[in-house]
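What follows is each chain in one-letter form.
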Amino acid sequence: MSIAAAPHGTTPGARTARRIRPLRLRLAGVGYVTPAMALLAFTLILPSLYGFYYSLHNIRYLKANEFIGLENYRYLVTDPEFWHVVIRSTGFTAVAVTFTLVIALSVSLWINQLHGPFALFVQIVVILPWVVSHVVGALLFRWVFVNDIGLGMYFLEQMGIHWFKPVSDPTTAMAVLVGFACWRTLGFAMLLLLSGLKSIPQDLYEAAHVDGATARQRLFAITLPMLKTPMLITLVILTVSNLNNIEGPLIVTGGGPADATNVLALDLYMRAFAKFDYNSAIALGIGMFAANILLALAYTRLVKSHG
Amino acid sequence: MFGLDRTTRILLRAAVASLSILTLAQQASAQTLRMWTFLDPASGKDPRERVLKKLIDQFEAANAGVKIQVEPQVWQQMTDKFLAATQTGTAPDVMWVHLRRVPDAIKLGALANLDDLFAKKWSKEEADDIDGSFWRFSAKPGAHYHITHSRSNVGQFYRADLFREAGIDPKSLTTWDKFVAAAEKLTVRGDNGVTTRWGFGQAFATDGANNSVVFSVMLDKNGVIFDEKNRANWATPAGVDGLNLQLDMIRKWKITQPGAVNEKNDDLYDQFNAGRFAIIRGASARIPRAMTALGADKVGFFGTPSFTEGKFSPAEVAGWSVGVWSGSKQKELAGKFVEFMSSKEADRLWTMEGGAVPIRKSTVKENAAFFADPKNAYLADVAAAMLEAGWFPPDGAGAGWNEELNRAAQDVLTNKTDTKAALQKAEQSYNRAHRL
Amino acid sequence: MASVAIESVRKQYGNVTAIRDVSIDIPDGKFVCLVGPSGCGKSTLLRMIAGLEEISGGEIRIGSRVVNDLPPKERDIAMVFQNYALYPHMTVAQNMAFSLRMRGVSKSQIDERTKRAAGILNLEYLLDRYPRQLSGGQRQRVAMGRAIVRSPQVFLFDEPLSNLDAKLRVQMRAEIKQLHQRLKTTTIYVTHDQIEAMTMADKIVVMRDGIIEQEGAPLELYDEPANVFVAGFIGSPAMNLIEAIAEGGALLSTSREALPFDLPRGASGKLTCGVRPEHIALANQGLAGQVLLVEPTGLDTLVTAATVAGPIVALLRERTSVAPGDHVHFRIDQKHVHYFDGASGRRLQ
Amino acid sequence: MVRSRGLQAMNIAMGVVVLSIALLNIIPLAWGVLASFKPPSQLITYPPRLFDFNATWENYISVVEGGFMNGVRNSTFYSIAAVALALAAGGLAAFGFDRFEFRQKGTMFVLVIASIPLAIGSAAILVPKFLFFASLGMTNQWYTLPLIYGVHSVPITIWTLKGSLEGIPKELDEAAYVDGASSFMVLTRILAPLCKPAIGAAALLIFIHAWNEFVAGSVMVDARELKPIQPLLYQYIGFFGREWGPLTAAATIAILPILLIYALFGRLLVSGLTRGATKG
């Protein structure tokens, strides 16, 4: 905007805040979001509310019997082992998400400067573990890297390392679980971040270049701020996905040894499908929903308040 | 739309093409029987699936206008899905229920009384033929609700070739002392002290846990693993001895791989096939698959040793209980099909072509030559072990005892927890899950 | 082509009033400039004419139709944006053809009209390029091409030249004016640059804080500004505005020294005297001052000096040898002194 | 662009990182593909056999004869329908949220974000969800899985597309409105082409999600004719044990359509497009 003499009555923001105003366009906005909102309400939100209602009952053989209020929740949170699982899951998710995000960001920045078929090829290689059937991917990961008769252990044995059994030790088993989480989600984090990078107008870089910004300055002054929304989306999805992922703890590390890799998703699975304790399983399921939603909204708020 | 001109066109065309060839689910007509099982007769990749297909063809031929529509399901979820579908009225007419969930299904009222449908009409001879622990187990509140197929029993798989080489007779390994001695003999250590073959492969992971040595020892010594209120009762002398025996195979005798602490049953079968383990603890239903990989002459099965010469310890049985959904609109017809699948002719097929453990005594009697064949000897061994030491969960038992006992084993190995304390912890966890 | 009538139009954003009671009459075929400082409401008014902003009150007519509630596409207008707003994924030809395609014009018609518009603006050789391959001036021209291709009833320009460098701006200014003379389409042009307004418009509307300060032909505004604001806004270099007090039949400066201006009839109290720099000349006597700054442009020279009336700028047609620090005298052409009321700022007489 | 020496060093370091990722990603999958060509007796061996095996098609033959291709066909339809549904509903909503003002907009967007965990973690309340849909008669229908898969992807589609729309100057919309476009035209003709990278990424995510979804696929439909590939794949991890040969063969077949789709949509992620939209 002009810097011409304007001593009186400038209303800053009047320009930037403007939107399409006419009434019929305002109605159009509602029209555009309605199909999606209706679908979400019917397919995700209503069944979840029903799930909450279901969780307020005494469940026997999967049937909701008498109404017992929050008893299922009370029983769950008074389980001393439950809180160990919560803490373990939090730690696991935080570490796995941080690792994945940092690696995915650097990889997508690197891929973003590639062109042509090679760029496509690199993308495909990075995303491979995400596109293979998740169960098969986890089985193969375990077979090749972790199993006694897999390539990885064979290779170690050939080098004279016989004592190292990654999933037999609590610490290394957790490391394997984190490694698997990164392996599984890296490609899709890259995909989200890459699409964000592609949406940044090139003009900004040219302008910054003319202004004499270094590569590092361009990264911190343009790329990262412009990537805020994609990073936030990736952060939310990675967190939710890792908290809810079952293949890793179930197939790769089995939750052991001695519960070292027993995280919430596996705990839920075991409650429901090994112990047939649906009362606490459904309470845990709904509780995880609530926690995930709060986490997602908190992230969003956090990023907004810093924007 | 969305301006993806070329891409969109390709996709839309593909979508239309797939729509047009997609066959929609047929609405169940009056003469269509729906059945849920984990067997997929259309795929026919497994001998038992081929038998099922044959039986369906025969039944459809004998009952004009009837169609059996098999809806194959994922086996782990199938029973739960049935329990849920019972409430929504979408359950199938014929259902294969996991043996361990049968009491739940009956309590929910999901299964129809087979006595009313057909078993009452059986002659005494016919009834005696099918009678046995499984049939008695199916009679919960005084009536029979299912016939159990695909019977299986936890026991020891052994590499027959290695046993022959070492000159060990598997039939002689009825006590733990002899068993351990044999396993020590079968364990091979290289010059560098690295074990290339373990005598007895075990797996203590909680996912998909089978019942382990401690379980059999407790049943052997105490006869029960639950108290009168169905509470877990494991921190007993028998439990401590059993768990110590199980873990000493690693700690003392070094015949079990230390990795057992967090390995799974599925890993055991793979390792067994790879020749890394001479004996593993496994479910007999999986013998045919091991035979496919290794050859029928290299795989055998024997029961769980005990502390008494010449006697096996009890081990849990498993199987798939075929019944009729109580809400079915065609119970008579469904009952007829269940009866047919369990008939003498059918059992012959299941056993001789499908490699299943026979459910009728007559099948064994009338096909002596088949069972005498060394290739099929394992079927007799499994049947014998089941007959002698098959253990059914008591009425009112919960689930997850195998998982909890494995957690105790992991706890002792990893945290050096006292054996009794670990068992107490497992008890508490079990009791808590079942509000006991 | 059509006239545009704006009657008592208001615009409110919540509690903030952006435009209050504005009425403008734009005869058919005229070129009208809306001018004023940032935030004066000129762009908002333009966007209301375009249909991009809701009208809070009043009435806008294009031709004989009231367009208050019509969406932009039904108003038959074309608009050139400050940022050009070219569609980056379309070639120049496609950009220009877009509005015709939206109206279902036949393909041959589109080709013909695009070519003709491109011919007018010398864009033929750029038709297959994408906006990112064009220079700023070329983009500007394409934006105009996109506007004229449809032969709308009204052209709306929203500071179209503000992103160009000075030289290009002068050139494009001339082109737009020629274009208007050739097409004779009613044009509403928003700018904050009064020179643009002066050079191009048939009629200028000066706005401030959501109201019209004055409207009229460019020279009318120049010669007879209706108030202090217009006086200061129109003209470059700006008019000298001197605060004065009429007391005892004489004009005194705020520091109570005599000023060399005639006292207008009937004036009393505070007032503002305005003199354009070209009406001040160097002389041997008159208003005394000390030179602060000398700015020769080649054609003429601007001399700024400190006087009893405050700093005064004089525009000298001839070359001069005065230098900062020199003591000089100014002669003020009394015929061209403007007087404004000190309180209301309105022109006196 | 000018490259500094530091940038080049970074490039080399990144090359090494990407190379290790490539190895970690390719080795297990290559191992799986090799396994799919091994006869049962040579599948699980010690030491592991890398190339010294008698390659055979038998696993593939058994998989195809086992009716797996029916699942491939179903999943193709489900995934494409899910992409269409989620892109359509999500695209419209993203446009509505980014470009318009209306009442309760903030609340609605909160619901969208809250739906992300509901979609990703939907297995957690599988039983009530099944009861909900089954009691409405919506299980075991041809539209059951496309609906579920599509809607599961709607929240993330809305969010990614909205993020991409935010970067496109509003003047472009206004220019188009003045040019005579309706708001729907603005979306389809102006904004959608400019969001191609995000649309491509969203389409890939939706497709892959639908293609690899297992739990709903096994629970929400019963009939053999309606089963998608993942539950069919799971038949090879059956009650009688894991069948690595057919399992890896089926997984290999299952990954091919995704690679194809990636070649189609991944193209959009190769070069950026928003350059030169405006100048300001």
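Keep in mind it's a predicted model, so treat the numbers as computed, not measured.

Chemist: I'd love a proper account of the packing of helix α3 (residues 58-65) of chain D against helix α13 (residues 244-265) of chain D, names of residues and values included.
Modeler: All names here are of chain D. Close contact between α3 and α13 brings their axes to 8 Å; oriented N to C, the two are set at 75°. Classified by the angle between their axes, α3 and α13 sit roughly perpendicular to one another. Across the interface between the two elements, Asn59, Tyr60, Ser62, Val63 and Val64 from α3 touch Gly245, Pro246, Ala249, Ala250, Thr252 and Ile253 from α13. Within the contact of α3 with α13, the residues separate by chemical class into 7 nonpolar, 4 polar and no charged.

Chemist: Pulling in residues and values, what's your account of the sheet that holds strand β3 (residues 31-35) of chain C?
Modeler: Think of a sheet as strands paired side by side through backbone hydrogen bonds, with each pair either parallel or antiparallel. Residue and element names in this part refer to chain C. With respect to topology, 6 strands assemble into an open sheet ordered β6-β7-β8-β3-β9-β10, the strand pairing being mixed. One side of each edge strand has no neighbouring strand; the edge strands of this open sheet are β6 (77-80) and β10 (211-216). Adjacent strand axes in the sheet meet at a mean angle of 15°, parallel and antiparallel pairs treated alike. Sheet topology places β3 next to strand β8 (residues 186-191); 5 bridges connect them, and they run parallel. Considered in β8, the bridge of Val35 is made with Thr191.

Chemist: So what's going on with the confidence of the model for chain D? Which residues, and what values?
Modeler: Residue and element names in this part refer to chain D. With 94% of its residues at a pLDDT of 70 or more, chain D shows a mean pLDDT of 88. Highest mean pLDDT in chain D belongs to helix α4 (residues 68-99) (95); lowest belongs to strand β1 (residues 237-238) (84). With pLDDT under 50 throughout, residues 273-280 is counted as low confidence; its partners more than four residues away or in other chains account for 37 contacts. This complex was scored by the predictor with a pTM of 0.89 and an ipTM of 0.87.

Chemist: Account for the interface of chain D and chain C, with residues named and values stated.
Modeler: Opposite the 23 residues of chain D that make contact, chain C presents 28 residues. Carbon and sulfur atoms make up 61% of the area that chain D and chain C hide from each other, which totals about 2200 Å². On inspection of chain D and its partner chain C, the count reaches 2 salt bridges. Put simply, D:Asp179 and C:Arg146 hold a salt bridge, and the shortest N to O gap is 3.9 Å. Connecting chain D to chain C are 8 residue pairs in polar contact (both at pLDDT 80 or more). Elements that contribute at least two residues to the side of chain D that touches chain C include exactly α8 (170-178) and α9 (183-194) of chain D. Among the elements that take part in the side of chain D that touches chain C, α8(D) stands out by supplying 7 residues, more than any other. Each residue belonging to the side of chain D that touches chain C can be placed in one class, and the counts come to 12 nonpolar, 5 polar and 6 charged.

Chemist: Would you mind going over the interface of chain A and chain D in detail, with residue names and values included?
Modeler: Every contact between the two is made by 100 residues of chain A and, on the other side, 116 residues of chain D. Applying the counting criterion to the chain A and chain D interface returns 0 salt bridges. Scanning the region where chain A abuts chain D turns up 15 residue pairs in polar contact (both at pLDDT 80 or more). Ranked by residues supplied to the side of chain A that touches chain D, first place goes to helix α1 (residues 23-55) of chain A with 21 residues.

Chemist: Tell me what's going on with helix α20 (residues 419-433) of chain B, and back it up with residues and numbers.
Modeler: Over its 15 residues, α20(B) runs 21 Å from end to end, which matches the ideal 21 Å to within 8%, given 1.5 Å per residue. Within the sequence span of α20(B), burial applies to B:Thr419, B:Ala422, B:Leu423, B:Ala426, B:Glu427, B:Ser429, B:Tyr430, B:Asn431 and B:Ala433. Where α20(B) is buried, its residues touch α3 (80-112) of chain A together with α11 (237-251) and α19 (401-415) of chain B. A side-chain oxygen of the first residue of α20(B) lies 3.2 Å from the backbone nitrogen of B:Lys420; this N-cap is B:Asp418. Where α20(B) ends, the next residue or the one after it, B:Arg435, has phi of about 55°, a positive value.

Chemist: Which residues make up the side chain of B:Ser150, and what are the values?
Modeler: Inspection of the secondary structure puts B:Ser150 in strand β4 (residues 147-159). Overall, B:Ser150 belongs to the buried group, its relative accessible area being 9%. In this structure, B:Ser150 is in contact with B:Phe38, B:Arg48, B:Trp96, B:Ala318, B:Gly319, B:Trp320, D:Phe239 and D:Phe240, ignoring residues within four places of it in sequence.

About the thresholds
- Residues numbered from 1 in each chain as written.
- Chains lettered and ligands numbered in written order.
- Predicted model: local features only at pLDDT ≥ 70, side-chain atom pairs only at ≥ 80, totals over all residues.
- Heavy atoms only, no water.
- Axes fitted to C-alpha atoms, helices over the stretch in contact; angles between N-to-C directions.
- Helix = DSSP H or I, 4+ residues; strand = E, 2+ residues; numbered from the N terminus.
- Parallel < 35°, antiparallel > 145°, perpendicular 65-115°, else oblique.
- Contact = heavy atoms within 4.5 Å.
- Nonpolar A, V, L, I, M, F, W, Y, C, P; charged D, E, K, R; others polar.
- Pairing = 2+ DSSP bridges.
- pLDDT = per-residue confidence, 0-100.
- Buried area = accessible area lost by both parts, 1.4 Å probe.
- Salt bridge = Lys/Arg side-chain N within 4 Å of Asp/Glu carboxyl O.
- Polar contact = N/O pair within 3.5 Å; in protein donor to acceptor, adjacent residues only side chain to side chain.
- Expected span 1.5 Å × (residues − 1).
- Buried < 20%, exposed > 50% of the residue type's maximum accessible area, 1.4 Å probe, protein only.

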